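Given next are the chains, with one letter for each unit.
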Amino acid sequence: MSFETLKLDLSGGILTITINREDKLNALSQQTIKDLDGAFQKVYDETEIKGVILTGAGEKAFVAGADITEFKELNYMNGRKFAEDGQEVFAKIENCPKPVIAAIKGFALGGGCELAMACHIRVAGSEAKFGQPEVNLGIIPGYGGTQRLPMLVGKAKAMEIILTGEMITAENALKIGLVNHVVPKEEVIIKAEEILNKILNKAGLAVSQAIECINAFYKDGDGYQTEANAFGNCCKTEDFNEGVSAFIDKRKPSFKGK
Ligand code: COA
């Protein structure tokens, strides 16, 4: 399966998804949103994919926002649908049972910052810039930014970033908890691979359950109950037996994802 606006490359269980509209700074067109939905469906469905790196083509931008040239026709009804469709795809990324790391070079603005926030972990190049500049266009973040930004950085900082529309540096993004790591831009993919490979060495089902439980903290319902159920699920797995046996036998575990 190929996608009009994405490049996919599978190697060693890691699927690198590259948003491939470099001349438009990888702006998220409606086609890109559809393509991301299709690509993440593959991630859910295909057992040979163990984890994902999401990045943008070129050096200048991860994603410079939703494609502003498609905004002209928006009104209340289709604007609302526009936001709901994007939110659904970003939720699919956030709820993905396999780890997803954003590798960010250059601008991560508007929908780009929101896309990065939907990923489980973010690695940024030292020259990267983050922001939610939607107020400059007379709109607000619509792909989950008003919800995920306060989750990551707290209410006060989220208010300032969204209400002023100003960009922040990678260094400041690291300070406030918007990104996990800042590295020289040539090392962004290497660092993302390093983290992903560490995770892929663990028991895959435990990793999936942990993602679900951490996400449950931010949803309605009883996160402790979700955690208890997930803990029970892990106890049913072969990998759990293997992990405990390996510890007792003083050897490295060999997990099978079962
Ligand atoms: N939607 C559509 N096209 C975009 C875009 C977006 N969000 N961001 C950049 N582009 C396009 C530009 O229109 C330009 O296309 P062109 O060469 O056909 O004219 C191309 O990408 C390069 O961008 P340009 O503005 O020339 O680069 P720059 O280095 O001068 O500025 C930015 C970079 C990121 C500061 C600037 O492009 C920008 O402000 N983009 C919009 C950011 C934004 O508001 N995002 C939120 C949208 S809700």
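Please read these numbers as outputs of a predicted model, since none were measured by experiment.

About the cut-offs
- Residues numbered from 1 in each chain as written.
- Predicted model: local features only at pLDDT ≥ 70, side-chain atom pairs only at ≥ 80, totals over all residues.
- Heavy atoms only, no water.
- Helix = DSSP H or I, 4+ residues; strand = E, 2+ residues; numbered from the N terminus.
- Buried < 20%, exposed > 50% of the residue type's maximum accessible area, 1.4 Å probe, protein only.
- Pairing = 2+ DSSP bridges.
- Axes fitted to C-alpha atoms, helices over the stretch in contact; angles between N-to-C directions.
- Contact = heavy atoms within 4.5 Å.
- Domains from an automatic or database assignment.
- Buried area = accessible area lost by both parts, 1.4 Å probe.
- Near = heavy atom within 4 Å.
- Polar contact = N/O pair within 3.5 Å; in protein donor to acceptor, adjacent residues only side chain to side chain.
- Areas by Shrake-Rupley, 256 points an atom, 1.4 Å probe, with all protein chains shown as cover.
- Nonpolar A, V, L, I, M, F, W, Y, C, P; charged D, E, K, R; others polar.

## What to know about unusual backbone geometry
Part 1 of the argument: One non-glycine residue, Asn26, adopts positive backbone phi at about 60 degrees.
Part 2 of the argument: Looking at the element boundaries, Asn26 is found in the loop between strand E2 (14-19) and helix H1 (30-45).
Part 3 of the argument: With a relative accessible area of 0%, Asn26 lands in the buried category.
Part 4 of the argument: With a phi angle near 55 degrees, Lys250 is a residue other than glycine that sits in the positive phi range.
Part 5 of the argument: Structurally, the position occupied by Lys250 is in the segment after helix H10 (238-248).

## Let's talk about the sheet that holds strand E5 (residues 100-104)
Part 1 of the argument: Sheet architecture is open: 6 strands sit in the order E1-E2-E3-E5-E7-E10, paired in mixed fashion. Whereas interior strands pair on both sides, the edge strands pair on one side only; in this sheet they are strand E1 (6-11) and strand E10 (181-183). This sheet shows a mean twist of 20 degrees between the axes of neighbouring strands, independent of strand direction.
Part 2 of the argument: One ladder, built from 6 bridges, connects E1 with E2; its direction is antiparallel.

## A word on the sheet that holds strand E4 (residues 61-63)
Part 1 of the argument: Overall, mixed pairing links the 4 strands, which are arranged E4-E6-E8-E9 in an open sheet. In the strand order of this sheet, the two ends are held by E4 and strand E9 (168-169), each with one partner.
Part 2 of the argument: Pairing geometry for strand E6 (residues 107-109) and strand E8 (residues 129-131), over 3 bridges, is parallel. Counterpart to Phe107 in the pairing with E8 is Lys129.
Part 3 of the argument: Docked against the sheet, helix H3 (residues 111-118) engages E4, E6 and E8, running at close to 75 degrees with respect to E4.

## Regarding the domain arrangement of the protein
Part 1 of the argument: Per the domain assignment, the segments of the protein are domain 1 (6-200) and domain 2 (204-249).
Part 2 of the argument: One C-alpha centre belongs to domain 1, the other to domain 2; they are set 27 Å apart.
Part 3 of the argument: Each side of the interface is counted separately: domain 1 has 9 residues, and domain 2 has 6 residues.
Part 4 of the argument: Taking both partners together, domain 1 and domain 2 bury about 580 Å²; carbon and sulfur atoms supply 59% of that area.

## Observations concerning the pairing of E5
Residues in a regular strand project their side chains so that they alternate between the two faces of the sheet.
Part 1 of the argument: In terms of residue burial, E5 counts as a mostly covered element, since 5 of its 5 residues are buried.
Part 2 of the argument: Along E5, one buried face is formed by Val100, Ala102 and Ile104 and the opposite face, lined by Ile101 and Ala103, is buried too.
Part 3 of the argument: Bridge count between E5 and strand E7 (residues 121-125): 4 bridges; the pairing is parallel. For Ile104, the partnering residue across the bridge sits in E7 and is Ala124.

## Quick look at the environment of Glu48
Part 1 of the argument: Among the secondary structure elements, Glu48 is positioned in the loop between H1 and strand E3 (51-56).
Part 2 of the argument: Residue class for Glu48 comes out partly exposed when judged on its relative accessible area of 43%.
Part 3 of the argument: The spacing of Glu48 and Lys252 is 204 residues in sequence and 23 Å in space, taken between C-alpha atoms.
Part 4 of the argument: Every residue in contact with Glu48, bar those within four places of it in the chain, is listed here: Leu10 and Gly13.

## A short note on H3
Part 1 of the argument: Counting buried positions along H3 gives 8 out of 8 residues, so the element sits mostly inside the fold.
Part 2 of the argument: Regarding H3, the residues found buried are Gly111, Gly112, Cys113, Glu114, Leu115, Ala116, Met117 and Ala118.

## Examining the site of the ligand
Part 1 of the argument: Near the ligand you find 16 residues, and of these Lys24, Lys60, Ala64, Ala66 and Ile68 are the closest.
Part 2 of the argument: One of the backbone N or O atoms of Ala66 is found 2.9 Å from a nitrogen atom in the ligand.
Part 3 of the argument: If the ligand stood free it would expose 860 Å²; the protein chains cover 60% of that surface.
Part 4 of the argument: Residues that form the shell around the ligand fall into these classes: 10 nonpolar, 1 polar and 5 charged.

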